[in-house]
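Here's the letter readout for the chains.
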Amino acid sequence: MANGRQRSGALRTLSRTGYHFLWANDLLDRVAPGRGDSMLDVACGTGVVARLAQQRGHAGRIVGIDLNKAMLAVARAKSGSVEWIEGSALDLPFDARSFEVVLCQLGLQFFPDRSLALREMVRVLKPRGRAGFSVYSAIEKTPAAYAFVRALDKYLGEEASQTKRSEHLSCDAQEIGSWAKQAGFDLVNVATVTKQITFPSMLDYVRFQLTATPMAGLLKGKDAPERENLITSIADDAASHLATPMLAGDKLTFPQQSFVVTASVH
């Protein structure tokens with residue numbers, strides 16, 4: 001029984017954090033920073049991309065920048081050798097031509113001026129510098145997320161799903177490629193990439209979304225039994241909209257789609 005609980009706990013931890021590392025590995029594989037390259041992780045959050053680059057043997061200067069102090073505090077606690085800087089993607093506090101590589105994982109969709117953020121990335125890249133960034137595609141392309149937001153709207157009102165929906169862009173790959181070219185990137189490639197994501201159950205997925213993300217505020221002010229009833233009801237409703245294979249083996253397994261852009265400057 002103890003081993004079973006340990007395996008379940010390990011799967012839960014992996015599912016809650018693993019998909020960020022899954023996308024980070026994909027991004028680093030595509031951009032392939034060279035040993036000694038200076039690298040900037042824009043909208044770094046808790047530093048998943050920067051820390052993974054470091055773990056993979058990236059030996060150059062690594063800098064992570066984000067506006068969120070709380071996330072940067074987590075990043076600093078996890079790595080003291082990466083430079084963590086509080087700042088905006090719209091006004092990067094670096095000289096022109098400062099980095100060989102600029103990365104941005106799942107951040108572009110949140111910027112109030114995406115064009116400006118991309119121009120800033122171009123500005124701080126050295127000649128022949130490379131960039132990579134990823135964004136979730138339309139939420140309908142990620143079935144678990146789409147089922148979740150519909151259940152949220154049903155139980156908590158139409159405004160409840162806005163935060164989750166904002167993680168996804170409704171445009172197509174061609175439009176994102178155009179943004180990069182208009183910002184000044186010379187060579188641009190946009191790949192539509194799908195990864196399989198696993199959670200121990202739909203209930204675990206919904207509980208994670210409503211307790212360990214900014215959406216936790218949706219349950220603020222409700223007592224513990226009411227919170228649990230809502231989480232269970234939302235999970236049951238969301239599961240009812242998924243194909244049976246996604247719920248096989250008492251787990252939740254679903255495709256998650258992103259656009260992954262690689263670009264460079266002359």
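First, a word on scope: everything that follows refers to the structure included in this document. Each residue is numbered by its place in its chain's sequence as written, counting from 1. Where local features are concerned, this predicted model is filtered to residues with pLDDT of at least 70; where side-chain atom pairs are given and counted, the filter is 80 or more; whole-chain, interface and lining totals use all residues. The side-chain figures draw on all heavy atoms in the structure; neither hydrogens nor water molecules are used.

**With respect to the sheet that holds strand 5 (residues 125-136)**
- Think of it this way: DSSP has to see at least two bridges between two strands before they count as a pair. A run of DSSP states H or I qualifies as a helix once it reaches four residues; a run of E qualifies as a strand once it reaches two. Both are numbered from the N-terminal end. With mixed pairing, the seven strands of this open sheet are ordered in space as 3-2-1-4-5-7-6. Single-partner strands in this sheet number two, and they are strand 3 (83-86) and strand 6 (187-199). Going from strand to strand, the sheet's axes swing by 20° on average, the running direction of each strand aside.
- Whether two residues touch is decided by their heavy atoms; if any such pair falls within 4.5 Å, the residues are in contact. With axes taken as lines fitted to C-alpha atoms, and helix axes fitted only over the stretch in contact, angles between N-to-C directions fall between 0 and 180 degrees. Along the sheet, helix 3 (residues 69-78) contacts strand 2 (62-66) and strand 3; its crossing angle with strand 3, the most-contacted strand, is approximately 170°.

**Regarding the pairing of strand 1 (residues 39-42)**
- Accessibility here uses a 1.4 Å probe with only protein chains present; expressed as a share of the type maximum, an area under 20% marks a residue as buried, one over 50% as exposed, and anything in between as partly exposed. Burial along strand 1 is two-sided: the residues Met-39 and Asp-41 and Leu-40 and Val-42 are all buried.
- Bridge count for strand 1 against strand 2 is four bridges, and the pairing is parallel. Within strand 2, the position partnered with Met-39 by the bridge is Ile-62.
- Taking the sense of rotation as the criterion, the β-α-β connection linking strand 1, helix 2 (residues 48-55) and strand 2 turns out right-handed. Here is how to tell: hold the view so the strands point away, follow the path from the first strand over the helix to the second, and if it runs clockwise the crossover is right-handed.

**Considering the pattern of salt bridges**
- The rule for a salt bridge is simple: a side-chain nitrogen of Lys or Arg has to be within 4 Å of a carboxyl oxygen of Asp or Glu. This model, assessed by the stated rule, comprises 12 salt bridges.
- Among the salt bridges present, the one from Arg-61 reaches Glu-83, with a minimum N-O distance of 2.9 Å. In this pair, Arg-61 is assigned in the loop between helix 2 and strand 2 and Glu-83 in strand 3, connecting sequence segments 22 residues apart.
- The network of salt bridges with common partners includes Asp-26, Arg-30 and Lys-195.

**Regarding the environment of Ile-197**
- With respect to the element layout, Ile-197 can be found in strand 6.
- Look at Ile-197 and you get buried, because its relative accessible area is 3%.
- It is 25 Å that separates the C-alpha atoms of Ile-197 and Phe-111, two residues lying 86 residues apart in sequence.
- For Ile-197, the contacting residues outside a window of four places in its chain are Tyr-19, Leu-22, Leu-252, Thr-253, Phe-254 and Gln-256.

Fair warning: the whole summary comes from geometry, so function is off the table for now.
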